[in-house]
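Reading the structure
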Amino acid sequence: MGRETVIVLDFGGQYNQLVARRVRECNVYCEIYSYRTDIGKIREMKPKGIILTGGPNSCYEEGAPSCTRELFELGIPVLGLCYGAQLMQHVLGGKVERAAVKEYGKTEVYVEPSSPLFQGIESPTVCWMSHNDYISGAAPGFSICAHTDNCPVAAAENREKQLYAIQFHPEVLHTVKGKEILSNFVYGVCRCSGDWRMDSFVEDSIREIREKVGDGRVLCALSGGVDSSVAAVLLSKAVGKQLTCVFVDHGLLRKNEGDEVEAVFGPSGAYDLNFIRVNARQRYYKKLAGVEEPEAKRKIIGEEFIRVFEEEAKKIGAVDFLVQGTIYPDVVESGLGGESAVIKSHHNVGGLPDYVDFKEIIEPLRDLFKDEVRKVGLELGIPEYLVFRQPFPGPGLGVRIVGEVTEDKVRIVQDADAIYREEIAKAGLDQEIDQYFAALTNMRSVGVMGDERTYDYAVALRAVRTVDFMTAEAAEIPFAVLQRVMVRIINEVRGVNRVVYDLTSKPPGTIEFE
Ligand code: XMP
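1. Remarks on the overall build of the chain
- Along the chain, the regular secondary structure elements total 14 helices and 18 strands.
- Relative to the compact-globule value of 24 Å for 514 residues, the chain shows a C-alpha radius of gyration of 25 Å, a close match.
- Dimensions of the chain along its principal axes, counting C-alpha atoms only, are 75 × 65 × 40 Å.
- Considering only intrachain contacts with a sequence separation of at least 6, the fraction spanning at least 24 residues in the chain is 74%.
- Of the side-chain charges in the chain, 60 are positive and 76 negative, and the distance between the mean point of each set is 2 Å.

2. Here we look at the sheet that holds strand β5 (residues 95-111)
- Ordered by their spatial adjacency, nine strands build an open sheet running β2-β1-β3-β4-β9-β8-β7-β5-β6, and the pairing between neighbours is mixed. Strand pairing shows two members of the sheet lacking a second neighbour, β2 (29-34) and β6 (125-137), which therefore form its edges. Across this sheet, the average inter-strand angle for adjacent strands is 20°, counted without regard to direction.
- Here two bridges tie β5 to strand β7 (residues 143-147), and the two strands are oriented antiparallel to one another. For Val 111, the partnering residue across the bridge sits in β7 and is Ala 146.
- Of the strands in this sheet, β1 (5-10), β2, β3 (49-52) and β4 (78-81) are in contact with helix α1 (residues 16-25), which crosses β2 at around 160°.

3. Section: the packing of helix α5 (residues 198-213) against helix α11 (residues 370-379)
- Put simply, α5 and α11 touch, their axes get as near as 9 Å, and they point 75° apart. Overall, the two elements α5 and α11 adopt an arrangement that is roughly perpendicular. Seen from α5, the contacting residues are Met 198, Asp 199, Phe 201 and Val 202; seen from α11, they are Glu 372, Lys 375, Val 376 and Glu 379.
- Within the contact of α5 with α11, the residues separate by chemical class into four nonpolar, no polar and four charged.

4. Some remarks on the packing of aromatic side chains
- Applying the stated rule across the entire model yields ten aromatic pairs.
- Considering the side-chain rings of Phe 11 and Tyr 35, the 5.2 Å spacing of their centres and the 20° angle between planes classify their relative orientation as stacked. Here the residue Phe 11 occupies a position in the loop between β1 and α1, and Tyr 35 occupies one in the loop between β2 and α2 (39-45), the gap between them amounting to 24 residues.
- Note on Phe 265 and Tyr 271: the rings are 5.6 Å apart at their centroids and 25° apart in plane angle, and the pair reads as stacked.
- Overall, the relative accessible area of 1% leaves Phe 265 in the buried class.
- Connected via pairs of aromatic rings, a cluster forms that spans Phe 11, Tyr 35 and Tyr 83.

5. Overview of unusual backbone geometry
- At the junction of Lys 506 and Pro 507, the peptide bond is cis and its omega measures out at -15° in the coordinates.
- Tracing the backbone through its elements, the reader meets Pro 507 in the segment after β18 (496-501).
- Cis peptide bonds are those with omega within 30 degrees of zero, and the linkage from Pro 507 to Pro 508 qualifies with 10°.
- Looking at the secondary structure, you find Pro 508 in the segment after β18.
- The residue Gln 162 is not glycine, and still its phi comes out positive at about 60°.
- You can see Gln 162 is positioned in the loop between β8 (155-158) and β9 (163-166).
- On the accessibility criterion, Gln 162 (25% relative accessible area) is partly exposed.

6. So, the sheet that holds strand β11 (residues 243-249)
- Read across the open sheet, the five strands follow the order β12-β11-β10-β13-β14; overall the sheet is parallel. Edge positions in the sheet fall to β12 (274-279) and β14 (360-362), since each has one partner strand and no second. Averaged over all adjacent pairs, the angle separating strand axes in this sheet is 25°, with direction ignored.
- Examined bridge by bridge, strand β10 (residues 218-222) and strand β13 (residues 321-323) share three bridges and lie parallel to one another. Of the residues in β13, the one forming a bridge with Leu 219 is Leu 322.
- Of the strands in this sheet, β10, β11 and β12 are in contact with helix α7 (residues 257-265), which crosses β12 at around 165°.

7. Some remarks on the pattern of salt bridges
- All chains considered together, the criterion is met by 36 salt bridges.
- A salt bridge links Asp 415 to Lys 255; its shortest N-O distance comes to 3.1 Å. Here the residue Asp 415 occupies a position in helix α13 (residues 407-426), and Lys 255 occupies one in the loop between β11 and α7, the gap between them amounting to 160 residues.
- You can call Asp 415 buried: its relative accessible area is 18%.
- Glu 257 is paired through a salt bridge with Arg 389; the nearest N and O atoms lie 3.6 Å apart. Residue Glu 257 is found in helix α7, and its partner Arg 389 is found in the loop between α12 (384-387) and α13; the two are separated by 132 residues along the sequence.
- The exposure class assigned to Glu 257 is buried, which follows from its relative accessible area of 2%.

8. Re the pairing of β11
- With seven of seven residues buried, β11 lies mostly within the body of the structure.
- In β11, alternate side chains face the same way, and those of Leu 243, Cys 245, Phe 247 and Asp 249 on one face and Thr 244, Val 246 and Val 248 on the other are all buried.
- Inspection of the sheet shows β10 paired to β11 by five bridges, in the parallel sense. Counted as the bridge partner of Cys 220 is Cys 245 from β11.
- As a crossover connection, the stretch from β10 through helix α6 (residues 226-239) into β11 is right-handed.
- Note that β11 and β12 share six bridges and pair parallel. Bridging from a neighbouring strand, Val 248 pairs with Val 278 of β12.

Rules used throughout
- Residues numbered from 1 in each chain as written.
- Predicted model: local features only at pLDDT ≥ 70, side-chain atom pairs only at ≥ 80, totals over all residues.
- Heavy atoms only, no water.
- Helix = DSSP H or I, 4+ residues; strand = E, 2+ residues; numbered from the N terminus.
- Rg over C-alpha atoms; globule rule 2.2 N^0.38 Å.
- Contact = heavy atoms within 4.5 Å.
- Lys, Arg positive; Asp, Glu negative; His and termini not counted.
- Charge placed at Lys NZ, Arg CZ, Asp CG, Glu CD.
- Pairing = 2+ DSSP bridges.
- Axes fitted to C-alpha atoms, helices over the stretch in contact; angles between N-to-C directions.
- Parallel < 35°, antiparallel > 145°, perpendicular 65-115°, else oblique.
- Nonpolar A, V, L, I, M, F, W, Y, C, P; charged D, E, K, R; others polar.
- Phe/Tyr/Trp six-rings, centres within 6.5 Å; stacked < 30°, edge-to-face > 60°.
- Buried < 20%, exposed > 50% of the residue type's maximum accessible area, 1.4 Å probe, protein only.
- Salt bridge = Lys/Arg side-chain N within 4 Å of Asp/Glu carboxyl O.
- Right-handed = clockwise from strand over helix to strand, strands pointing away.

Okay, here's the thing in structure tokens:
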């Protein structure tokens, strides 16, 4: 690793990406690895610090995720969080047991102000606790530097060995001084210099892309979403006219989106790009006919995408590189990074066919979280309305139509979604809700319209609040707004006789329907 890095070892907890994001917010680059990562590899990486995440297990149970004692003997500062804290204590000879009183939620924690972790933090301070087990005895060499009314060891430290264990979650916003605690760790303990900045990311990326591409030709998959737009502009700044952007209209875009993308990136837009719009709609509908299984649909959409690109590349002539807007959460969620199970094969990563007919794929945003991609976008001068556009999945409406995709169903979901978006914007809620869209359920039911029996589809409205898109809550939309949307959809969209609002949080649901 050339750049100053802190690594996060993932023990399967739900906030693991947040840990990495918070560290990066301190301007320190951070990557997530599985707890199974070989100790030799960790040594080679020479991280400035290691953070062990939370996780759902009990560290004293057989088969629970563990780590070797050596991890604490590398001379590299280690911070254990929740499960990671318990594991550190357990491995080094402390005692971890099932707690008589479970702690969950905001909790007052009494901290020792002289601890390097708690510099500048007043005691008590409100922290987010979520644990069944607790550290009942700190390991030899450790002293207790925080406690709560129910938890004798809310934090323990061995300053000499630079080992720190904290029972609560500093990465969660409910921990009022969480960012300061992580900052104390990366600066005060790990002695990082804080060289991770978006302006230097842009400069470095442009230089690296130029070196890599040389005088080669580059083809960029432009979807019009934030990620691919930022990737395209970054590439255009790096290699100018060597770049051709191909925008595949796969017929699974939001209403009017194709024209909007063309207006921004096409010949009359602000950027100096070679822009090609491919109309592949019918081709997609044909491939998707009769396919109901979500993963099969995703694979087809992803694969067809690559095939279309190959064909375009052939028309253009020799193309050496393909650009994709993959971002870090796609990598982690596809099971290529940390410990997370593969929930869905993300279109940009796991969904790629094995054989791709290009020399190499360039993914300039592969290391970035969404908010960092946005910062890069602003840094590059991309208009704000594009940079803050809602996320839209690569497989598009294909994953918002439950079951088989047909042209008619696409029309229904496009029209319903356009109405929903219009009304949310009119109600002034568009900046408050992180993601909202209409989806078409595969359910048809009986209704009555103008004295006639109908047997039509149910549209589901979804709106979520989320910080990281890994967990989410259904947004509370005023009933009057929902009702207005319902009335308009039923009246204006042929084929719909029922509208429902999805209350499911993630987990157990996902944000998209498939
Ligand atoms: P889920 O449905 O997994 O969605 O809870 C989390 C976030 O990811 C987006 N999403 C995707 N983005 N390719 C993408 O580029 C995909 O295949 C994909 N699937 C889901 C989704 O819109 C949400 O913001």
